[in-house]
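# Overview (structure and organization)
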Amino acid sequence: MPRDLPANAAGWRAAAREFADRWVVPAAAGIDQADRIPDALIAELRDARFLGLGLPREWDGVGGDARSISAVLEELSRGSAAVGVLVAVHLSVCAAPILDWGTSAQREKYLRPLARGEGIGAFGLTEPGAGSDTASLATRYGRAGDGFRLRGTKMFTSNGASAGAILVFATRDPALGHAGISAFIVPTGTPGFSVAQRLDKLGLRGSETTELVLEDVHVPSDALLGPEGAGLKVALSALAGGRIGIASCALGVAQAAFDEMLRAVRADDAPWRRTLVARAFADLSAARALVERAAERKDAGAPFVTEASVAKLVASRAAVAIASAGVDVAGPTGVRRGDPAERLLRDARVFPIVEGTTEIQELILGRHLVEPARFPNS
Ligand SMILES: Cc1cc2nc3c(=O)[nH]c(=O)nc-3n(C[C@H](O)[C@H](O)[C@H](O)COP(=O)(O)OP(=O)(O)OC[C@H]3O[C@@H](n4cnc5c(N)ncnc54)[C@H](O)[C@@H]3O)c2cc1C
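In this report, we go over the structure that sits alongside the text. Given the structure is predicted, the values throughout are model-derived calculations rather than measurements. (Residues numbered from 1 in each chain as written. Predicted model: local features only at pLDDT ≥ 70, side-chain atom pairs only at ≥ 80, totals over all residues. Heavy atoms only, no water.)

For the rest of this paragraph, the subject is the overall build of the chain. Check the secondary structure of the chain and you find eleven helices and eight strands. Each principal axis of the C-alpha atoms in the chain carries an extent, and together these give about 70 × 50 × 40 Å. A burial count over the chain gives 55% of its 378 residues as buried. Within the chain, contacts between residues at least 6 apart in sequence are counted, and of these 74% link residues at least 24 apart. Only carbon and sulfur atoms are counted for the fraction: they give 54% of the accessible area of the chain, which is about 15,900 Å². Across the chain, the mean location of the 43 positive side-chain charges is 1 Å away from that of the 44 negative side-chain charges. (Helix = DSSP H or I, 4+ residues; strand = E, 2+ residues; numbered from the N terminus. Buried < 20%, exposed > 50% of the residue type's maximum accessible area, 1.4 Å probe, protein only. Contact = heavy atoms within 4.5 Å. Areas by Shrake-Rupley, 256 points an atom, 1.4 Å probe, with all protein chains shown as cover. Lys, Arg positive; Asp, Glu negative; His and termini not counted. Charge placed at Lys NZ, Arg CZ, Asp CG, Glu CD.)

The immediate surroundings of the ligand are formed by 18 residues, with Thr126, Ser132, Phe156, Thr357 and Glu359 found nearest. The contact in question runs from an oxygen atom of the ligand to an N or O atom on the backbone of leucine 125, over 2.9 Å. At 3.5 Å from an oxygen atom of the ligand is found a main-chain nitrogen or oxygen belonging to glycine 131. Across the complex, the protein chains shield 65% of the 970 Å² of accessible surface that the ligand would expose by itself. When residues of the shell around the ligand are traced back to their parent elements, those giving at least two are β3 (147-158) and α11 (358-370). Its residues assigned to classes, the shell around the ligand shows eight nonpolar, seven polar and three charged. (Near = heavy atom within 4 Å. Polar contact = N/O pair within 3.5 Å; in protein donor to acceptor, adjacent residues only side chain to side chain. Nonpolar A, V, L, I, M, F, W, Y, C, P; charged D, E, K, R; others polar.)

Attention now goes to the environment of phenylalanine 351. By the element assignment, phenylalanine 351 lies in the loop between α10 (340-348) and α11. Residue phenylalanine 351 is classed as buried on the basis of its relative accessible area of 0%. Once the C-alpha coordinates of phenylalanine 351 and valine 320 are considered, the two residues, 31 residues apart in sequence, prove to be 8.3 Å apart. Among all residues touching phenylalanine 351, those that are not within four sequence positions of it are Ala81, Val85, Leu204, Ile246, Cys249, Ala250, Val253, Lys312 and Ser316.

Judged by nonpolar contacts, the single largest core of 114 residues is most densely connected at Leu150 and Phe169. A per-element tally of this core places helix α7 (residues 231-267) first, with 18 residues. (Core = buried A, V, L, I, M, F, W, Y, C linked by side-chain atoms within 4.5 Å.)

Now for the pairing of β3. Summarising the sheet, strand β2 (residues 140-144) and β3 pair through five bridges and their orientation is antiparallel. Considered in β3, the bridge of arginine 143 is made with phenylalanine 148. Hairpin connection from β2 to β3: two residues lie between these consecutive antiparallel strands, with glycine 145 at a positive phi of about 60°. The pairing of β3 with strand β7 (residues 209-220) spans nine bridges and is antiparallel. Bridging from a neighbouring strand, phenylalanine 148 pairs with valine 219 of β7. (Pairing = 2+ DSSP bridges.)

Next up on the list: the state of the cysteines. The full count for this structure, using the stated rule, is zero disulfides. Summary of cysteine pairing: cysteine 94 is not part of a disulfide, and the nearest cysteine sulfur, belonging to cysteine 249, is at 16 Å. The exposure class assigned to cysteine 94 is buried, which follows from its relative accessible area of 1%. Residue class for cysteine 249 comes out buried when judged on its relative accessible area of 0%. (Disulfide = S-S within 2.5 Å.)

Going through the model one piece at a time under the given rule, you end up with 28 salt bridges. Glutamate 127 serves as the salt-bridge partner of lysine 154, at 2.8 Å between the closest nitrogen and oxygen. Here lysine 154 is found in strand β3, whereas its partner glutamate 127 is found in the loop between β1 (120-124) and β2, with 27 residues between them in sequence. Each member of the pair lysine 154 and glutamate 127 is classed as buried. (Salt bridge = Lys/Arg side-chain N within 4 Å of Asp/Glu carboxyl O.)

Attention now goes to the packing of aromatic side chains. All chains considered together, the criterion is met by seven aromatic pairs. Through a chain of ring-to-ring contacts, the aromatic side chains of Trp12, Phe19 and Phe50 assemble into a single cluster. (Phe/Tyr/Trp six-rings, centres within 6.5 Å; stacked < 30°, edge-to-face > 60°.)

Let us look at the packing of helix α1 (residues 9-24) against helix α3 (residues 39-47). Interaxial distance between α1 and α3 falls to 11 Å at its minimum, and their mutual angle equals 165°. Between α1 and α3, the interaxial angle falls into the category roughly antiparallel. As α1 packs across α3, the resulting crossing turns out to be right-handed. Residues Phe19, Trp23 and Val24 of α1 form the contact with α3, whose own contacting residues are Leu41, Glu44 and Leu45. Residues of the contact of α1 with α3, tallied by class, amount to five nonpolar, no polar and one charged. (Axes fitted to C-alpha atoms, helices over the stretch in contact; angles between N-to-C directions. Parallel < 35°, antiparallel > 145°, perpendicular 65-115°, else oblique. Left-handed = near helix turned anticlockwise from the far one by under 90°.)

Next up on the list: the pairing of β7. Sheet analysis places strand β6 (residues 193-198) next to β7, joined by five bridges and oriented antiparallel. Of the residues in β7, the one forming a bridge with valine 195 is leucine 212.

It is the contact of helix α9 (residues 305-330) with α11, at a shortest axis distance of 9 Å, that shows an interaxial angle of 145°. Two packed elements cross with a definite hand, and for α9 against α11 that hand is left-handed. Across from Val305, Thr306, Ser309, Val310, Lys312, Leu313, Ser316 and Arg317 in α9, the residues of α11 making contact are Thr358, Gln361, Glu362, Ile364, Leu365 and His368. Along the lines of polarity and charge, the residues of the contact of α9 with α11 split into five nonpolar, six polar and three charged.

Written as structure tokens, this is what we have:
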């Protein structure tokens, strides 16, 4: 356990950079190939206290602001996108909403172990029949004794196979639309909870993307996070912060692809190759500025939903564009299985989809720009 924790975002970036170069970069190809992050690497993440970042010391976290989280996620993802996304999901869409919406008793019971990294967090919103359209959630809950009973299937849940606790969104009655949705903290050891499958993916391999089944899972009344019926608000507030996290991960992949490309061009220079490097640098710089701006606004307590959406949109596009140009620069070897350019392109391609697709970010932005009066805190 490191004795001196960094005091600011620059310090956390330096610590994460050193960590990534030492532990993550050398493991990245193996993580992709085996589709698994080694337990020893997760233990190192825990020891470095990255799993408690952004959470108050009062709850066994290590403090740190949105800029610190963003810097750490970028550096980890520069090494391996799967490692960055594991931490992003744990912090931004599981631990953070429990901090923001939980009572002291819930923080004591559920947040403390997450902040210590004793359990990994996950976020279960998407279902086989409900992705962008959250109103069509089919996972049902009802009151049962002194608690609740949940029944349904969650799809594409990251960290789902080894999570300690999952934030599960369920509806009391689908006819109620958004007003029927509530959020629950479900410990994965609860009877009736099971992992139906781990999905084999194009990219982000090593990140556990799972289908989860809840078959009459009984949870106590303190599993309800936020007021009953406020589940969508919990989800959307988590996703706004989460998008800065995912944008930071995309930025890390973009940076890794840029670094690879620059190395290749320096070794074998040509005017057309310089043009690709220049374009990639412009995309990378724009994405970085937007990610930093979103994190800065969050830290300042200013509305940041719009900035988070722009950052996620641009950073995930930049990652795909730069990784694709990286394959062009690498030439035929760039499409060979196992080549870093090939892996980075596969990893990059996932970012426009997770935590709200590009089209959904455009929808959010369109709404906020055209009807600002309806969305005053965006
Ligand atoms: C690797 C990975 C990890 C993930 N991790 C998680 C997780 O941890 N937790 C979780 O809950 N979910 C997770 N997801 C799910 C992800 O958030 C959804 O895939 C995403 O929200 C889209 O939902 P969908 O797949 O059902 O697609 P759909 O919503 O069916 O969308 C299909 C296509 O239609 C477009 N579209 C949909 N609605 C509109 C519209 N109104 N206007 C214009 N275009 C539209 C979309 O942009 C998309 O291109 C993950 C997904 C992936 C791939």
